[in-house]
Every structure is written in structure tokens, then in C-alpha cells.
Amino acid sequence: MIRRKISLGSSAGMERRNFLKASVMASGGLLIGFRFAGAAALASAETSPTSFMANAFVRIGTDERVTVIVNHSEMGQGVYTSLPMLLAEELDADWSKVGFEPAPVDAKYNHPAFGMQITGGSSSVWSGLEQFRQAGAAARAMLVAAAAQQWNVDPASCRTESGAVFNGSNGKLTYGRLAEAAARLTPPAQLQLKDPKTYKLVGKPIQRLDTPEKLNGKAVFGIDVKLPGMLTAVIARPPIFGAKLKSFDDSRARSMPGIRTIVAIPAGVAVIAETFWQAKVARDALRVEWDEGSMHDFDTTKMMQDFRERAKSPGTSVRKDGDATAALETAAKKIEAVYEVPYLSHLMMEPLNCVVDLRSDSCEVWTGSQFQTVDRANAAKAAGLPNEKVQLHTTFLGGGFGRRANPQSDFVVEAVYVAKAAGTPVKVIWTREDDMQGGWYRPAFLHAIEGGIDASGNPVSWRSRLVGQSIMAGTPFAAMMMKGKAYDPASVEGVDDLPYAIPNVTVESHQAEVNVPVQWLRSVGHSHTAFAVECFVDELAGLAQKDPYQFRRGLLQKQPRHLGVLDLAAQKAGWGKPLAKGMGRGIAVHFAFGSYSAHVVEVSVAEGKVRVHRMVCAIDCGEYVNPGIIAAQTESGAIFGASAALFQELTFAKGRLQQTNFNTFPVMRINECPEIETYIVGNKEKAGGIGEPGVPCAAPAIANAIYAVTGKRIRRLPIRMTEAV
Amino acid sequence: MIAFSVNEKRVDLDADPSTPLLWVIREYLGLTGTKYGCGMAQCGACTVHMNGEAVRSCVTPVSRAAGKEVTTIEGLSPDLSNPLQLAWLQEDVPQCGYCQSGQLMSAAVLLREKPNPSDEDIDEAMTGNICRCGTYPRIRRAIHRAAEMAAKGGLR
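Only a predicted model underlies this, so the values are computations on that prediction, with no experimental measurement involved.

(A) Layout of the overall build of chain A. Secondary structure assignment for chain A yields 18 helices and 30 strands. Computed over its C-alpha atoms, the radius of gyration of chain A comes to 27 Å, within 12% of the 27 Å expected for a compact globule of 725 residues. Projecting the C-alpha coordinates of chain A onto the three principal axes gives extents of approximately 80 × 70 × 50 Å. Each of the 725 residues in chain A was classed as buried or not, and the buried ones make up 58%. Within chain A, residue pairs in contact and separated by at least 24 positions form 77% of the contacts whose partners lie at least 6 positions apart.

(B) Inspection of the overall build of chain B at higher detail. Each helix and strand in chain B was counted, giving six helices and five strands. On C-alpha atoms alone, chain B measures out to a radius of gyration of 15 Å, which is about the 15 Å that the 2.2 N^0.38 rule sets for 156 residues. Principal axes of the C-alpha set define a box for chain B whose edges measure 45 × 30 × 25 Å. The proportion of buried residues among the 156 residues of chain B is 56%. Considering only residue pairs separated by 6 or more positions, chain B has 61% of its internal contacts joining residues 24 or more positions apart.

(C) Geometry of the sheet that holds strand β14 (residues 268-273) of chain A. Residue and element names in this part refer to chain A. The seven strands lie next to each other as β13-β14-β11-β21-β18-β19-β20, forming an open sheet whose pairing is mixed. Each of the sheet's edge strands pairs with one partner strand only, and the pair in question is β13 (259-265) and β20 (390-394). Mean inter-strand twist for the sheet, computed between neighbouring axes without regard to direction, equals 20°. Two elements, strand β11 (residues 231-236) and β14, share five bridges in a ladder whose sense is antiparallel. Bridge assignment links I235 to a residue of β14, and that residue is A270. Across the face of the sheet, helix α6 (residues 276-285) comes into contact with β11, β13, β14 and β21 (426-429) while running at roughly 25° to β11.

(D) Main features of the nonpolar core. All names here are of chain A. Core analysis: the largest hydrophobic core is formed by 276 residues, its most contacted members being V58, A233, V271, V416, V418, A569 and I702. At 15 residues, helix α4 (residues 124-151) tops the list of elements feeding residues into this core. Setting aside residues no more than four positions away along its own chain, A233 makes contact with A270, V271, I272, A279, V418, V426 and V428.

(E) Summary view of the environment of I453 of chain A. Residue and element names in this part refer to chain A. Mapped onto the secondary structure, I453 falls in strand β22 (residues 445-453). Judged by the 22 C-beta atoms lying within 10 Å of it, I453 is buried. When the C-alpha atoms of I453 and P718 are compared, they prove to be 29 Å apart, with 265 residues separating the residues in sequence.

(F) Region of the structure containing helix α5 (residues 119-126) of chain B. Residues and elements named next belong to chain B. Looking at α5, one finds that the buried residues are I122, A125 and M126. Angular distribution of buried residues about the axis of α5 spans 80°; they occupy a single face of the element. On its buried side, α5 packs onto α4 (100-113) and α6 (136-153).

(G) View of the pairing of β11 of chain A. Residue and element names in this part refer to chain A. Of all six residues in β11, six are buried, a share of seventy percent or more. Judged by which residues are buried, β11 turns out to be covered on both faces: L231, A233 and I235 on one side and T232, V234 and A236 on the other are all buried. Sheet topology places β11 next to β21; three bridges connect them, and they run parallel. Its bridge partner being in β21, A233 is matched across the sheet by V428.

(H) A look at the domain arrangement of chain B. Residues and elements named next belong to chain B. Assigned domains of chain B: these are domain 1 (2-75) and domain 2 (83-153). Centre-to-centre separation of domain 1 and domain 2, based on C-alpha positions: 21 Å. Counting residues at the interface gives 14 residues for domain 1 and eleven residues for domain 2. A total of three residues in the side of domain 1 that touches domain 2 trace back to one element, the largest contributor, which is strand β3 (residues 47-50). When its residues are assigned to classes, the side of domain 1 that touches domain 2 shows six nonpolar, six polar and two charged.

(I) Structural detail: the sheet that holds strand β17 (residues 333-341) of chain A. Residues and elements named next belong to chain A. Spatial strand order, β16-β24-β23-β22-β17: five strands in an open sheet with mixed pairing. Edge strands, defined here as strands with exactly one partner in the open sheet, are β16 (316-321) and β17. Each neighbouring strand pair of the sheet contributes to a mean axis angle of 10°, computed without reference to strand direction. Bridge count between β17 and β22: nine bridges; the pairing is antiparallel. The residue bridging A337 from the neighbouring strand is I449, located in β22. Helix α14 (residues 526-543) rests against β17, β22 and β23 (459-468) of the sheet, and its axis sits at about 155° to β17.

(J) Examining the domain arrangement of chain A more closely. Residues and elements named next belong to chain A. Annotation of chain A at the domain level lists domain 1 (3-214), domain 2 (222-293 + 352-429) and domain 3 (300-344 + 441-723). The centre of domain 2, based on its C-alpha atoms, is set 37 Å off from the matching centre of domain 3. If you look at the interface, domain 2 gives ten residues, while domain 3 gives twelve residues. For the side of domain 2 that touches domain 3, the residue count by class is five nonpolar, three polar and two charged.

(K) Geometry of unusual backbone geometry. With an omega of -5°, the peptide bond running from L717 of chain A to P718 of chain A counts as cis. By the element assignment, P718 of chain A lies in the segment after α18 (698-710). Here the phi dihedral of Q545 of chain A falls at roughly 55°; this positive angle occurs in a residue that is not glycine. As for its placement among the helices and strands, Q545 of chain A is situated in the loop between α14 and α15 (548-555). Look at Q545 of chain A and you get exposed, because 10 C-beta atoms sit within 10 Å. With phi around 70°, E8 of chain B is a residue other than glycine that occupies positive phi space. Relative to the helices and strands, E8 of chain B resides in the loop between β1 (2-6) and β2 (9-13).

(L) Representation of the packing of α4 of chain B against α6 of chain B. Residue and element names in this part refer to chain B. For the pair α4 and α6, the least separation of the axes is 11 Å and the interaxial angle reads 45°. In terms of their interaxial angle, α4 and α6 are classed as oblique. For the pair α4 and α6, the crossing hand works out as right-handed. Residues Q103, A107, L110 and L111 of α4 touch α6, and the partners they reach there are I139, I143, A146, A147 and A150. Across the contact of α4 with α6, the residue classes tally to eight nonpolar, one polar and no charged.

(M) Structural view of the interface of chain B and chain A. Listed by partner, the interface residues are 45 residues for chain B and 44 residues for chain A. At the level of secondary structure, the elements contributing two or more residues to the side of chain B that touches chain A comprise α1 (21-28), α2 (73-76), α3 (83-90), α4, α5 and α6 of chain B. Sorting elements by how many residues they give to the side of chain B that touches chain A places α6 of chain B first, with four residues. Of the residues belonging to the side of chain B that touches chain A, the class tally is 24 nonpolar, 14 polar and seven charged.

(N) Molecular detail of the confidence of the model for chain B. Residues at a pLDDT of 70 or more form 98% of chain B, whose mean pLDDT is 96. Model confidence for the complex is summarised by a pTM of 0.94, with the ipTM given as 0.98.

(O) Spatial organisation of α6 of chain B. In this model, α6 of chain B (18 residues) spans 25 Å end to end at C-alpha, consistent with the 26 Å of a helix rising 1.5 Å per residue. Where the residues of α6 of chain B are buried, they touch α17 (627-647) and β30 (675-680) of chain A together with α3, α4 and α5 of chain B.

About the thresholds
- Residues numbered from 1 in each chain as written.
- Chains lettered and ligands numbered in written order.
- Predicted model: local features only at pLDDT ≥ 70, side-chain atom pairs only at ≥ 80, totals over all residues.
- Helix = DSSP H or I, 4+ residues; strand = E, 2+ residues; numbered from the N terminus.
- Rg over C-alpha atoms; globule rule 2.2 N^0.38 Å.
- Buried ≥ 20, exposed ≤ 12 C-beta atoms within 10 Å, placed from the backbone.
- Contact = placed C-beta atoms within 7 Å.
- Pairing = 2+ DSSP bridges.
- Axes fitted to C-alpha atoms, helices over the stretch in contact; angles between N-to-C directions.
- Core = buried A, V, L, I, M, F, W, Y, C linked by C-beta atoms within 7 Å.
- Arc of directions from axis to C-beta.
- Domains from an automatic or database assignment.
- Nonpolar A, V, L, I, M, F, W, Y, C, P; charged D, E, K, R; others polar.
- Parallel < 35°, antiparallel > 145°, perpendicular 65-115°, else oblique.
- Left-handed = near helix turned anticlockwise from the far one by under 90°.
- pLDDT = per-residue confidence, 0-100.
- Expected span 1.5 Å × (residues − 1).

What follows is the structure in C-alpha cells.
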């Protein structure tokens with residue numbers, strides 16, 4: 001086996017003293033009788049008398065079970081499989097013995113690039129690549145050393161395979177049998193990592209470790225956590241953002257069955273009862289008076305009119321190549337378009353919830369968190385306790401999409417306040433309506449673009465002006481994320497790096513101040529910039545009377561990876577081949593979160609209804625771990641993007657959100673779901689993300705396909721043929 | 001007192017008869033595999049069987065279960081031996097997994113009524129079950145695969 005030497009000291013931001021700490025530990029039971037881990041991990045905790053904690057990321061039981069401690073949250077994207085695969089690869093573990101366990105909150109589990117425990121930015125695999133490989137290699141080295149000692153041979157003469165160390169005529173010793181001896185050894189100072197060419201697991205479509213328990217009801221999500229003596233609370237929340245509680249009348253509610261406490265907290269009025277349904281019925285029976293505040297007449301139609309006006313004047317400069325304005329004046333032909341996208345809700349299938357057990361000197365929190373460091377700190381602050389007195393247990397997340405990484409930890413902090421009032425462990429459950437109306441949306445955006453071409457049809461000028469709210473401004477992370485810029489990079493990502501060869505490019509940003517709480521939603525700024533950019537490129541192709549695919553190709557000659565996915569999607573989709581009557585084909589390409597994505601989409605339009613029939617997706621995420629998960633995430637992203645493009649819009653009138661549930665904010669259903677094909681560009685480029693890059697191309701590819709079949713342009717989402725121009 | 005059975009076990013319940021069956025299953029019986037998603041029969045996460053029919057337990061008052069047999073995901077098969085569970089495993093269907101109990105319970109009724117369903121049959125039977133992660137292409141494949149398995153081995 002070819003191994004390459006690397007020094008542990010060079011590992012990205014990892015502290016060696018945290019990373020390599022070996023100890024024999026009695027396997028503690030998991031949390032209060034709940035299964036928070038894979039079957040293998042559970043078995044390990046229950047049956048293994050001792051285990052070898054090689055480092056923060058892996059525990060090996062004397063029963064052969066290998067438990068990988070994962071510092072990223074499982075919200076569907078597959079990290080409880082892909083990160084253990086990396087560790088098991090270097091460990092040469094027996095995959096059938098590998099399980100997972102969510103990491104507790106601890107600095108040693110911080111994201112190597114972000115310095116906090118967080119799951120986001122499609123970063124889990126690329127940021128964990130070295131971390132998990134090294135953890136596996138370190139454990140392997142200690143097991144080999146233990147075996148070599150027993151046999152009295154040179155460790156270099158041993159080899160490992162499928163959970164055991166082998167040495168010629170000495171035979172083999174399994175990892176379980178070596179666990180206790182290995183735990184007494186000092187971690188190695190130098191590690192050898194495998195040559196990727198020798199990988200046995202990584203790169204293969206291994207089935208997910210968390211699937212079995214998601215098929216028989218055993219998987220524990222936050223909403224499923226139950227503690228002895230626990231009560232359940234539902235909160236009456238302000239109907240308008242910024243509204244303040246004036247008074248409430250609970251005369252009916254408090255005499256209802258099962259009601260224990262009704263109390264005002266900063267988030268609203270909490271109704272604490274024995275069961276959810278009792279709390280919900282009593283909550284609905286409250287009469288609450290609100291001071292509506294400054295947002296009482298907020299209206300999204302009016303807001304978009306304001307955005308449109310604002311886009312007429314120059315904004316903060318984001319990018320300036322050449323002189324786009326002058327080039328527009330001399331262009332042979334020019335065109336302008338204004339694109340609009342609405343507020344969007346994350347709409348995870350599992351509504352927000354949080355369980356808190358608050359004691360006088362400690363606090364335990366159970367929730368599906370994407371943001372453990374921040375959630376624990378905010379919980380500690382609300383509880384009046386130091387951070388180290390607060391434990392946060394990460395459950396499975398019934399979807400995240402960014403909502404469960406809230407800078408204010410809104411759904412955690414309020415639960416701490418409820419627990420204070422309850423005096424018992426308490427679970428706060430948001431109804432679907434609470435969840436949809438509770439804010440922290442993808443901000444609405446307006447994106448005005450002007451472009452021009454020369455007499456040969458080559459683009460000579462591009463001027464983008466975006467108007468929308470910043471998701472970073474006002475948060476504790478503004479300084480870190482905005483990096484001293486006068487604009488929010490998350491507002492303009494995906495247009496600030498416009499990849500097309502156009503000599504004069506201007507991108508400007510207007511930051512809108514609106515008191516609607518906004519936040520990152522799956523693919524963040526790319527969720528809207530790709531729509532505007534890729535639709536406008538199509539409009540320029542139309543102006544130049546060129547084929548949209550060939551037009552893009554011509555402008556991407558210096559962007560090989562864009563070109564790679566574009567060509568792959570076009571080829572697999574049969575670009576240029578005739579389609580059935582009434583069908584149109586659209587294309588889009590985009591770079592986001594370290595990965596390149598292209599979609600070719602086939603649609604039909606009948607009686608104003610758009611039907612997406614086929615989506616061909618090409619993805620280049622560089623070096624990858626599990627192609628099965630990559631295909632799943634690419635399909636997932638395409639459907640997420642198509643849902644938003646076809647159906648989704650949050651609107652406000654008189655300060656109140658008009659949408660409440662799936663009936664007014666629809667999600668694509670199986671009968672509307674197209675055939676989806678995913679093709680992965682295999683290469684050894686730096687690993688990119690996969691949770692988000694599949695989203696951005698869906699909307700523009702669909703819109704461009706609609707143009708192909710109807711000759712009408714879509715400039716506003718969600719798509720309505722009555723608004724097509 | 002409301003008497004019914006859940007997963008072949010008798011339940012005698014002293015609760016407000018208007019309480020949705022979903023919350024009785026989850027909170028009184030501790031069977032948390034059945035999920036809350038919308039509370040208005042829009043998403044299907046709460047799907048269970050009542051006398052063999054798929055019902056949305058979030059809008060079914062527990063009084064309607066009186067005298068009936070209720071089956072939840074925990075009763076579909078204890079050991080993942082149902083062809084649907086096997087097919088879901090082989091196709092690696094779940095992502096976040098939250099909706100999958102409801103998807104499986106809807107699919108179980110479909111396969112009982114149409115052992116060899118067409119894509120249109122799948123559309124019709126599964127349209128009431130939302131998956132926000134977008135596992136639909138795999139759900140479709142898994143239902144076809146389960147139908148094949150059941151045809152060979154018989155559906156439990």
C-alpha cells in the first residue's frame with residue numbers, strides 16, 4: 001500500500017492536544033434511554049465493557065464496533081455516512097461494524113474553516129476530509145503498534161484490512177481485541193495517509209448508515225425526544241414582525257384540561273401543558289393584544305416597487321471591469337431586464353422544536369441544531385449559566401436548509417425561557433403555521449440587468465444592480481462574513497464572479513432595510529443570482545440570435561470546469577435533437593460552494609400550466625466520497641430549486657404574512673416531479689460542496705425552457721405564465 | 001374510554017375524544033415514528049392505517065379509531081422485512097427521513113390494492129405525501145422494486 005507522509009502539525013487549524021487524546025473509557029450509556037446513534041454505535045455502548053477512544057472522532061469497542069463521532073449535523077445530506085467513510089477508509093475498518101454518533105459541543109469539534117461547530121455552506125465533506133482521514137489513520141497506527149508489541153515485531157511489517165491487523169505467520173488480531181492495549185499507547189506524531197488510488201470505500205456508492213432507523217420509526221428527531229416529567233408548550237407569537245405583547249386574556253385557556261402554566265416570555269405567550277394538543281388548543285383560545293409596531297402596514301408589493309425605484313440609481317460597487325456604462329452606449333444592440341424573487345420559507349418537514357431541561361446549575365438542550373456553538377452560547381446566556389454548564393444534544397434534523405442555524409438561536413432561547421417558567425423539562429413545538437410565519441426567510445430580491453452586444457453578437461457590456469436585504473448585517477457574524485466590505489457578499493454571490501468573457505462588467509448592490517428577519521436558505525444568494533444571470537445570458541443569446549448552449553460555450557472558453565458540466569449536461573440531454581411538439585429545452589450553468597453545476601431541462605406549457613418533464617444535471621464537485629449521496633443531493637437540489645421556481649412565494653399585506661401552510665406555500669409533489677438524471681464529472685480537483693450546488697440552476701433552466709417553447713421570458717418567480725413577457 | 005388496537009395491541013384510552021389520533025399515538029402511546037408535519041392533511045407525514053386504509057392521523061379525531069385496528073410504521077414490520085422497507089433500503093431512499101414513515105404507510109396501501117402499480121398509480125397514491133428533500137425519484141423506483149419483490153416472495 002502506498003502511503004504518503006504528512007505531519008499532524010500541519011493539519012488545518014486542529015489542535016494536536018485535542019485531536020489525539022487516547023484513553024480507556026467505560027462506555028457511557030447514551031442519552032436517557034434514547035437512541036441517538038446508528039445501530040452499531042448503540043450496540044457498542046450497550047455491550048462493550050471498555051472501548052478505545054483513539055481520538056475525538058473514533059471509539060473502538062472490544063466488541064469490534066467502530067463508532068465515528070461526527071461533528072456535523074445529519075439533515076438529510078448524508079454526513080453520518082460520508083464522514084465515517086473517510087475515517088473507516090484510513091482505519092481499514094470493517095464497514096459492517098461502523099456506526100455514528102453526534103458530537104457533543106466542544107471546541108475540538110469546531111469546523112476547521114469556520115472556527116465554530118456548524119453545519120452549513122455545503123462544507124461538511126471538504127472541511128472534514130483531512131480531519132476524518134487523519135483521525136482514522138491515527139487510530140489505525142495505534143492499533144498496529146499494539147499488535148506489533150504483542151507479536152514483538154516491527155509495526156512496519158504489519159498490514160491492516162477489514163478491522164484487523166495482520167502479520168505473516170503471526171496471523172491476525174482484530175481491532176476489538178487490540179482496543180485495550182491500543183488505548184494505553186501514545187498517539188503517533190506522524191501519520192501516513194493512503195494514496196487515494198488504494199481507496200476501498202471512498203468513491204463508492206455505499207448505502208447510508210442512517211437508513212434502517214429511518215424506515216421503522218426508530219430514528220429520533222428533536223420532536224421525538226421525551227424526558228421524564230416533561231411538559232409541552234406552544235407559543236402565541238406576534239402576528240407582525242416587531243409587534244410587542246400588550247396584554248393577554250387566558251381566562252378560557254387556563255381552565256382547559258392539562259394546562260399547567262401560561263406565561264409571557266420574550267417570544268410571546270407560552271402555554272405549557274401536559275400534551276401538545278392541550279397546549280395548542282389552549283394557545284388558540286388565548287386572546288392576545290399586540291402593539292403592532294412599525295411594520296403594521298408592511299406590504300411586499302409596495303416593497304418591490306420601492307426596490308424597482310432604487311435599482312434606477314447606482315449602488316455600492318461590488319465589481320467593476322472596464323466601463324460597462326460607456327460600453328452600453330456604443331453597443332450594437334442592448335437589452336435590459338428586471339428579475340424579481342420573493343421571500344421564501346425553508347419549510348423543513350419537521351417544524352421547529354426544542355427540548356430543555358433547566359436545573360439551578362445546569363441546562364441540557366435537545367434539538368436538531370445546525371449551529372451548536374452559537375446555540376449553546378445563546379442558551380447559556382438565556383439560562384444565566386456559563387457555557388460549560390450547558391450541554392446541547394444534536395438529534396436527527398427533519399430537514400435544515402439553513403433555518404436551524406439561526407444567529408439568535410431563536411427556537412432554542414425561547415425554549416430556555418419556557419423551561420424557566422415550567423420548572424420541569426419542557427418541549428416547545430412550533431405548529432406548521434408558527435414555523436412558516438416565524439421569519440428568517442430567504443430575502444426577496446430585485447436584480448436589474450442591462451447588457452449589450454457588438455455587431456458580431458459578442459457581449460460587450462453587463463451591468464447588474466441588486467436590491468435586497470442583507471442576511472449578515474446586524475448579526476454577530478457581520479464582521480467576519482462581510483470581511484470589511486460595504487456590501488453583503490451573500491447578497492451578490494453568483495453574480496460577483498460572473499464567469500463569462502465580457503470585457504465590461506459592473507455589479508452594484510443596494511442594501512434594503514426591511515424589518516423582516518432574513519437568513520441563509522439552501523444555496524443562499526445563488527438561489528436568486530443564478531436565476532437572473534442565467535436567464536439574462538439566455539436573453540443575450542437571443543439578442544445575438546445564437547443557440548443558448550453554444551453562446552455560453554463561446555464565453556466560457558477560459559472556464560474549463562464550467563465548460564465541463566455544460567457540455568456533459570448538453571450531451572446527455574441530447575441538446576439540439578428535436579423534441580416532441582409543445583416541448584422546450586432550457587440550459588443553465590453555475591458555480592457555487594466550490595462545485596460546478598449545469599442543468600438541461602425539458603418543459604411543456606399548456607393552458608398556462610408549466611410541466612417539467614426531465615432534468616439532466618451535471619455536477620463537478622471535485623474529489624468526492626460517495627457518488628450515491630452526490631446523486632441524491634443533486635436530485636434533491638433540483639427539486640428544491642424547481643419547487644421554488646414553480647410554486648413558492650411569501651407575501652405580506654398589512655404587515656401580516658399571507659401564507660400559513662403547505663396549501664398556500666406548496667412544495668413539489670411526486671406527480672409533479674420530473675425524471676431526473678445526474679452525471680458526475682470525476683476528477684481530482686479540490687473537493688467542493690454538494691448540499692446546495694444543485695439548487696441554483698433549476699429556476700433559470702426551467703425559465704429558459706419556457707422561452708424555448710413559448711417565446712416568452714420569465715422575469716419573476718414563482719413562474720406565472722400570465723406575467724411572462 | 002376509547003378502545004381500539006394499535007399494532008395489534010389493545011389500547012384503552014382516557015383522553016379528549018377530539019384529540020387527533022396522531023398525538024395520541026405519539027404522546028400517549030410513545031410511538032414517535034408517526035410524524036407531525038402540517039396538522040391539516042396536506043403533507044402525509046402522519047399517515048397510518050386504520051382498518052387497512054391510509055388515513056392522515058393529524059386530522060383524525062381519536063374517537064374515530066374506536067373499535068378499529070390502527071397500524072403505525074412501528075407495526076409495518078418490526079425487522080425491516082416488509083418488501084417496501086427492503087426496497088427503500090436498497091434504493092437508499094431517505095435523506096432527512098422525517099417524511100418516510102408516512103411515505104411507506106401510503107405505499108403499503110397502494111401495493112395491497114395494486115400489486116403491480118404503474119407510474120400513474122404511484123402518482124395517484126403518493127401525491128398526498130410531501131418530501132421536502134426530494135426523494136421522489138427514489139420512492140418511485142423503490143415502489144416498483146418492492147412490487148417485484150412482493151411478486152416473487154408475497155407481500156406480508
